[in-house]
Amino acid sequence: MGNTKNMTHDEKLAKLGQIIGRHKKDGRKALMQVLQESQDVYGYLPLEVQREVAQGLGISVAEVYGVVSFYSFFSLVPKGEYEISVCLGTACYVKGSQAILDKVEEVLGIKDGECTEDQKFSIRACRCIGACGLAPVMMINDDVYGRLTPDQIPAILAKYKEA
Ligand code: FES
């Protein structure tokens, strides 16, 4: 997936055309597969892509949108180079993860579900990631941070800003 990052708009569109072309004959049955491959190219599934997929597979945009918004592994917004997931599962929530999320939003100047203009960071609140013993927990890509307090957040994010 990484090597698609620097593709131009036209190159991505051509790649999308190939993906749809490969699965066209299967129509609706291929929807999940096509969406997954398209997200690998684009990093997320903007409306423009959903329209192309719908047209290519002969189904409605509403149906495509329904699937994209239902499954959490599909994203409607671009992901940053660093995706920050703040766990709002029960164990983390009772240990104050909302305050962690608020602090991340404050430091980066974006809200949950958004991406910074330079595409470096995006934030997403998530459900339990299975590390409740470390609550409250946040992940930055594959790095897990536990037993967090809001005052630790600026220093943690600074490491990635400089990276
Ligand atoms: S509730 Fe946050 S890791 Fe389980």
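Just so it is clear, the model here is predicted, and its values are computed rather than measured.

Caption draft 1: Unusual backbone geometry, seen in detail. In the segment running from Ala135 into Pro136, the intervening peptide bond is cis, with an omega of -5°. Relative to the assigned elements, Pro136 resides in the loop between strand E2 (121-126) and strand E3 (138-140). Non-glycine residue Asn141 carries a positive phi angle of around 50°. Its place among the elements puts Asn141 in the loop between E3 and strand E4 (143-145). Not every positive phi belongs to a glycine, and Arg147 is a case in point at roughly 45°. Along the chain, Arg147 turns up in the loop between E4 and helix H7 (153-162). Note on Arg147: 11 C-beta atoms within 10 Å, which makes it exposed.

Caption draft 2: Quick peek at helix H3 (residues 47-57). Along H3, the residues that are buried comprise Val49, Gln50, Val53 and Leu57. Down the axis of H3, the buried set is contained in an arc of 100°. They therefore lie on one face. Looking at the buried residues of H3, the elements they touch are helix H1 (9-23), helix H2 (31-42) and helix H4 (61-70). Of the residues trailing H3, Gly58 is marked for its positive phi of about 70°.

Caption draft 3: Representation of the domain arrangement of the protein. Under the domain assignment used here, the protein contains domain 1 (2-70) and domain 2 (82-162). Measuring from the centre of the C-alpha atoms in domain 1 to the corresponding centre in domain 2 gives 29 Å.

Caption draft 4: Seen up close, the nonpolar core. Ranked by internal contacts, the top residues of the largest apolar core, which has 16 residues, are Ile84, Val86, Ile100, Val104, Ile123 and Met138. Of all elements in the fold, only strand E1 (82-87), helix H6 (97-108) and E2 reach the threshold of two or more residues within this core. Here Ile100 is in contact with Val86, Pro136, Met138, Leu148, Pro150 and Ile153, once residues within four sequence places are set aside.

Cut-offs applied
Residues numbered from 1 in each chain as written. Predicted model: local features only at pLDDT ≥ 70, side-chain atom pairs only at ≥ 80, totals over all residues. Helix = DSSP H or I, 4+ residues; strand = E, 2+ residues; numbered from the N terminus. Buried ≥ 20, exposed ≤ 12 C-beta atoms within 10 Å, placed from the backbone. Arc of directions from axis to C-beta. Contact = placed C-beta atoms within 7 Å. Domains from an automatic or database assignment. Core = buried A, V, L, I, M, F, W, Y, C linked by C-beta atoms within 7 Å.

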